[in-house]
Amino acid sequence: MGIFEPFRAIGYITSSVPFSVQRLGTETFVTVSVGKSWQIYNCAKLSLVLAGPQLAKKIRALTSYRDYTFAAYGNDIGVFKRAHQLATWSSHNAKVNLLLLFGEHVLSVDVEGNIFIWAFKGIEENLSPVGHILLDSEFTPSCIMHPDTYLNKVILGSQDGSLQLWNINTKTKIYDFLGWNSSIHCCVSSPALDVVAVGCADGKIHVHNILVNEEIVTFSQSTRGAVTSLSFRTDGQPLLASGSSSGVISIWNLEKKRLQSVIRDAHDSSVISLHFFANEPVLMSASADNSIKMWIFDTTDGDPRLLRFRSGHSAPPLCIKFYANGRHILSAGQDRAFRLFSVVQDQQSRELSQRHVTKRAKKLKVKEEEIKLKPVIAFDVAEIRERDWSNVVTCHMDTPHAYVWRLQNFVLGEHILTPTTDIQAPVKACAISTCGSFAIIGTAAGWIEKFNLQSGLSRGSYVDASEKGNSAHDGAVVGVACDSTNSLMISAGYNGDIKVWSFKGRERKSKWEIGCTVVKIVYNRSNGLLATVTDDLVIRMFDVVALKLVRKFEGHTDRITDICFSEDGKWLMSSSMDGTLRIWDVILARQIDAIHADVPITALSLSPNMDVLATTHVDQNGVYLWVNQAMFSGATNIDSYGSGKEVVNVKLPSVSSGGDSKDDVDSDKPVSTDPQAQAQPVTHTPLLDQQIPDLVTLSLLPKSQWQSLINLDIIKARNKPIEPPKKPENAPFFLPSIPSLSGEIVFKASEPMDEEKPTHEDKFTRFTDLPSSPFVQFLQSSVETKNFEAFTDYLKSLSSSTLDVELRMLQIIDDDDEQEPEKRPEMITLEQLLDYFIHEISHRNNFEFIQALIRLFLKIHGESIRRQSKLQAKAQKLLEAQSAVWQKLDGLFQSARCMVTFLSNSQF
């Protein structure tokens, strides 16, 4: 595995598989499919409750019962209890298309007409089906349902338009319904006995009485397309909802036998599922456009209105960027939507408003998609002015304007940035200045103009007198960027010319030619380097100030889709249509890692903290997150994770972040009883192979871990209970027993009165025979080998309170012991600890952690050191080593303070 490990995918709500609704107590839950996994939402707020594991193939059918979820993928059916897979049913030899929960059984139907009956009670013992039915070869099942009050009977619909009624218990066909010569897509039971509704591919809905085989009423949808889903209202109102393949939901009045209302823009794609909640005027719909919506019938005219919804991109995203210190991701997709995804809490994800799209679409009698802005091809964002005015600028496909957005209100801004040139050309590139007050836009005609984001007014254009046509570039502008001090503006033309401009004066300062077509540029403000992507598959890096080519990276074999810098400017990441993601070390000028994904990456963005990488992929509607392993471990050498020039194959992240537990994998291994083996530290931090002389290294521990060592007394006083524990009114009776480490109850026998009391020598012998703690064992072994790395890692793995207890266990207690103090085991351990401190201070390792440890050590054992001359000598050496190191470190701090003070008081 490389530096970045697959974490999880966000932005997936549902797929083209019908959902399953169930009620547990007072709450209703819906289980939906998302590709190769499934998710459970609480219908009260459509909040994500549970995400299932990643399966081998895409889910084709889904049903659920209480804590159980049944998912059909390929020829198999997975049985899950919550998120854990209990069993796999594998009797089918063809793809399973349909699942039906039938009492305490599950019916599965494959494409070859095989129906298997499974019992899920006691599933761990029995993995075989309890029954099997083979349908006629001419009958291709397309839907299955159970009519209410019909014991052990199901109705099967076929693609040729016929219906069959089967008895599952006797495995016999009871009746053949002739049908309607059109493929049946859905069939549901109504609240009225013996009545079912059948939806056909020709757009007709047949309400049929199966007892007497008579047609009650037939409805025809006004829109073209098949009837894909049906649902009856169960709270007393005679309504039937139907969904079509065009995304329209129709509401039919069964008493008046006519159409009551239509939700024309309910979804952008085919309506996969409809469900009326039991005894509630609420309808839930799901569509292949990656959305779930809930509609409530509470208006005076009886028309439904949108209650709540969850949605993601219905088409693959084109460009992404982290926002809000890595907590959110801005994403623009081919579905004309501009979205904000939350990395922390999925409920906070939302689509940015384009101002009354629904009202304008109704007024103009057009689809909402026609009202929305065209797909975003490039955007830039600045966080510094979020509260004051618009802080996002977007360029849209074939649009001669740039639009601004205000993320504080999640809405389209009030200004439209239109270039003042006579040549109307699409805007291709945009950038926001460091101060957040100006936006730079470049067009396909080579025009570059600066705008004020607060007022939306133009602040001048960048014109190169040497270019014909009175523009900035001869060809299209493929990228613009601003430096960190608003001194320079960098632009790149399609023909390979890079120009540096004065940001304020707008005159050209310098220019150089690359020699081939430029596709994309990215500028890093921290190091002043400009990375360019050209059509010869080479990434070139230029120093903008020195006007020199400083780096050149080659390795991609297909079109480079995106590049991005890390926040500190030390890494450059590039993605290509060859499926690889390559990480380049800018300082060392080499490739440090490369991974090959299943699907090529189209866009990428690294969080400011460098802990999460976000990617989008070809034909994938979600955003995929990868976690930086180096940020969550103590390794200081990145080569321990990077693959170098080798390319490692990886799979895309799944919807669920949980994987196979390591504890489960290693559960068959024997458990060691060696206390030293059991006390191995959780993580091992390898030191640098060659440490730079006079370099002070830190421990990479969280700040709270070593600071709590210093303030442990304050923490204990703050956490002290206010009231003493109260004795229960009726205290239970316990037999007197001796506590033991094994947990076995050992009853204490009464001692005879004439038994001799143990002498002082016996007490000392028993004390010395006790095994030493892992703390002492690690220390002794480190002193013998003169390598304290393992002991340091063990100390890092301990909590602050545990470390405090270990040090207090070494206190020398004055008693009537006749043993010499120098020979006591506590004295020897204290000497070894002082040697350890001297070694670490002299080598300047784990500096802040060792300082906190020494302070706690002296606080506990200061009096013992003062009394023992041997310890005083060791303490004197520690003082000399500490003074030498700190004096040099303080000198470095003083030099930095003087430089900062000088620069802050200077007048430029």
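What you are looking at is a predicted structure, and each value in this text was computed from that prediction instead of being measured.

**Side note on the overall build of the chain**
- Scanning the chain for helices and strands turns up 13 helices and 59 strands.
- By residue count, 49% of the 908 residues in the chain fall in the buried class.
- The contacts in the chain between residues at least 6 apart in sequence include a share of 46% that link residues at least 24 apart.
- Accessible area of the chain: about 46,100 Å², with a carbon and sulfur share of 51%.

**Some words on unusual backbone geometry**
- One non-glycine residue, A324, lies in positive phi territory at about 60°.
- With respect to the element layout, A324 can be found in the loop between β30 (317-323) and β31 (328-333).
- Overall, the relative accessible area of 9% leaves A324 in the buried class.
- For A589, which is not a glycine, the phi torsion comes out positive at approximately 55°.
- By secondary structure assignment, the location of A589 is in the loop between β52 (580-585) and β53 (590-596).

**Focus: the nonpolar core**
- Counting 38 residues, the largest nonpolar core has F775, L795, L833, Y836, F837, F849 and L853 as the members making the most contacts within it.
- For this core, the elements supplying multiple residues, two or more each, are α5 (703-710), α8 (774-785), α9 (789-797), α10 (800-808), α11 (825-843), α12 (847-867) and α13 (869-905).
- By residue number, the principal contributor to this core is α12, which donates ten residues.

**A closer look at the sheet that holds strand β18 (residues 184-189)**
- If you trace the four strands from one edge of the open sheet to the other, you get β18-β19-β20-β21, paired in antiparallel fashion. Edge positions in the sheet fall to β18 and β21 (214-220), since each of these pairs with one other strand and no more. Averaged over all adjacent pairs, the angle separating strand axes in this sheet is 20°, with direction ignored.
- Across five bridges, β18 lies against strand β19 (residues 195-200) in antiparallel orientation. Directly across from C187, in β19, lies its bridge partner V198.

**A closer look at the environment of K121**
- Relative to the helices and strands, K121 resides in the loop between β12 (114-119) and β13 (131-134).
- Note: C-alpha distance between K121 and H105 (16 residues apart in sequence) is 8.3 Å.

**Points about the pairing of strand β24 (residues 249-253)**
- Within β24, five of the five residues are buried, leaving the element largely enclosed by the surrounding structure.
- Side chains I249, I251 and N253 of β24 all project onto a buried face; the interleaved residues S250 and W252 project onto the opposite face, where all are buried too.
- By the bridge criterion, five bridges tie strand β23 (residues 239-244) to β24 in an arrangement that is antiparallel. Bridging across to β24, A241 finds its partner in I251.
- The turn joining β23 and β24, which pair antiparallel and follow one another in sequence, is formed by four residues; a positive phi near 90° is taken by G247.
- Of the strand pairs in this sheet, β24 and strand β25 (residues 258-263) are connected by five bridges, and their pairing is antiparallel. Along β25, the bridge assignment pairs I251 with S261.

**Quick notes on the packing of α9 against α11**
- Closest axis-to-axis distance for the α9/α11 pair is 12 Å, and the angle between their directions is 100°. Between α9 and α11, the interaxial angle falls into the category roughly perpendicular. Across the interface between the two elements, F791, T792 and L795 from α9 touch L833, Y836 and E840 from α11.
- Across the contact of α9 with α11, the residue classes tally to four nonpolar, one polar and one charged.

**Notes on the packing of aromatic side chains**
- A complete count under the given rule lists 26 aromatic pairs for this structure.
- Aromatic side chains Y68 and F120 sit 6.0 Å apart centroid to centroid with 45° between the ring planes, which places their arrangement in the tilted category. In this pair, Y68 sits in strand β7 (residues 68-73) while F120 sits in the loop between β12 and β13, placing the two residues 52 residues apart along the sequence.
- Residue class for F120 comes out buried when judged on its relative accessible area of 1%.
- Judged by centre distance (5.3 Å) and plane angle (55°), the ring pair of F70 and F120 falls under tilted. A residue pair is termed long-range when its members are at least 10 positions apart, and F70 in strand β7 and F120 in the loop between β12 and β13 qualify at 50 residues.
- Here F70 falls in the buried class, since its relative accessible area comes to 0%.
- Through pairs of rings, three or more aromatic residues link up here, namely Y65, Y68, F70, W89, F116, W118 and F120.
- Here the basic side chain of K321 rests over the ring of F379, its NZ or CZ set 5.6 Å away from the ring centre.
- K450 extends its terminal NZ or CZ atom over the ring of F503, reaching a point 4.5 Å from the ring centre.

**Description of the sheet that holds strand β10 (residues 96-102)**
- Taken together, four strands build an open sheet; the order of strands is β10-β11-β12-β13 and the sheet is antiparallel. Taken across any chain shown, the strands that pair with only one partner, and hence form the sheet edges, are β10 and β13. Strand-to-strand twist in this sheet, taken as the mean axis angle between neighbours without regard to direction, amounts to 20°.
- Direction of pairing for β10 relative to strand β11 (residues 105-110): antiparallel, over a ladder of six bridges. Of the residues in β11, the one forming a bridge with L99 is S108.

**Overview of the pattern of salt bridges**
- Counted according to the given criterion, the structure contains 24 salt bridges.
- K520 is the salt-bridge partner of D562, the closest N and O atoms lying 3.6 Å from each other. Of this pair, D562 sits in strand β50 (residues 560-565) while K520 sits in strand β46 (residues 518-524), and the two are 42 residues apart along the sequence.
- Of the charged contacts, one joins D536 and R540 as a salt bridge, the two residues approaching to 2.9 Å between their closest N and O atoms.
- A relative accessible area of 34% places D536 in the partly exposed class.
- Since its relative accessible area comes to 11%, R540 is described here as buried.
- Shared partners join several salt bridges into a network, and the residues in it are D464, E467, K499, R508, K511 and E513.

**Focus: a nonpolar patch on the surface**
- A cluster of nonpolar side chains, namely M899, F902 and L903, defines an oily patch on the protein surface of about 330 Å² accessible area.
- Looking at the secondary structure, you find M899 in helix α13.

**Points about α13**
- Given a rise of 1.5 Å per residue, 37 residues ought to cover 54 Å, and the 52 Å separating the end C-alpha atoms of α13 matches this to within 8%.
- For α13, every residue scored as buried is listed here: L871, K874, L878, A881, V885 and L889.
- If you follow the buried residues of α13, they end up packed against α11 and α12.

**Quick notes on the pairing of β10**
- Judged by how many residues are buried, β10 sits mostly within the fold: five of seven residues are covered.
- In this structure, the hairpin formed by β10 and β11 is closed by a connection of two residues, where G103 is found at a positive phi of approximately 65°.

**Some remarks on the confidence of the model for the chain**
- Chain-level pLDDT for the chain is 85 on average; 88% of the residues reach the 70-or-more range.
- Mean pLDDT per element in the chain: helix α4 (residues 675-678) is the minimum at 36, and strand β35 (residues 392-396) is the maximum at 96.
- Residue range residues 749-755 is modelled with pLDDT below 50. Its contacts to residues more than four positions away, or to other chains, number zero contacts.
- Contacts of residues 760-770 to residues separated by more than four positions or lying in other chains number six contacts, the stretch itself having pLDDT below 50.

**Concerning the packing of α5 against α12**
- Packing of α5 against α12 leaves a shortest axis separation of 8 Å and a crossing angle of 20°. With respect to α12, the element α5 is oriented roughly parallel. The two elements α5 and α12 meet at a crossing, and its hand is left-handed. From α5, W706, L709 and I710 reach across to α12, where they touch E848, F849, A852, L853, R855 and L856.
- For the contact of α5 with α12, the class distribution of residues is seven nonpolar, no polar and two charged.

**Some details on the side chain of Q354**
- With respect to the secondary-structure elements, Q354 resides in the loop between β33 (350-351) and α1 (357-364).
- The exposure class of Q354 is buried, given its relative accessible area of 6%.
- Among the polar contacts made by the side chain of Q354, one reaches the main-chain carbonyl oxygen of R336 at a distance of 3.1 Å.
- Those residues in contact with Q354 that sit more than four places away from it in its chain are R336, R360, K372, L373, W405 and L412.

Calculation rules
- Residues numbered from 1 in each chain as written.
- Predicted model: local features only at pLDDT ≥ 70, side-chain atom pairs only at ≥ 80, totals over all residues.
- Heavy atoms only, no water.
- Helix = DSSP H or I, 4+ residues; strand = E, 2+ residues; numbered from the N terminus.
- Buried < 20%, exposed > 50% of the residue type's maximum accessible area, 1.4 Å probe, protein only.
- Contact = heavy atoms within 4.5 Å.
- Areas by Shrake-Rupley, 256 points an atom, 1.4 Å probe, with all protein chains shown as cover.
- Core = buried A, V, L, I, M, F, W, Y, C linked by side-chain atoms within 4.5 Å.
- Pairing = 2+ DSSP bridges.
- Axes fitted to C-alpha atoms, helices over the stretch in contact; angles between N-to-C directions.
- Parallel < 35°, antiparallel > 145°, perpendicular 65-115°, else oblique.
- Nonpolar A, V, L, I, M, F, W, Y, C, P; charged D, E, K, R; others polar.
- Phe/Tyr/Trp six-rings, centres within 6.5 Å; stacked < 30°, edge-to-face > 60°.
- Lys NZ or Arg CZ within 6 Å of the ring centre and 35° of its normal.
- Salt bridge = Lys/Arg side-chain N within 4 Å of Asp/Glu carboxyl O.
- Patch = residues over 30% accessible without salt bridge, like charges linked within 9 Å, V, L, I, M, F, W, Y side chains within 5 Å.
- Expected span 1.5 Å × (residues − 1).
- pLDDT = per-residue confidence, 0-100.
- Left-handed = near helix turned anticlockwise from the far one by under 90°.
- Polar contact = N/O pair within 3.5 Å; in protein donor to acceptor, adjacent residues only side chain to side chain.

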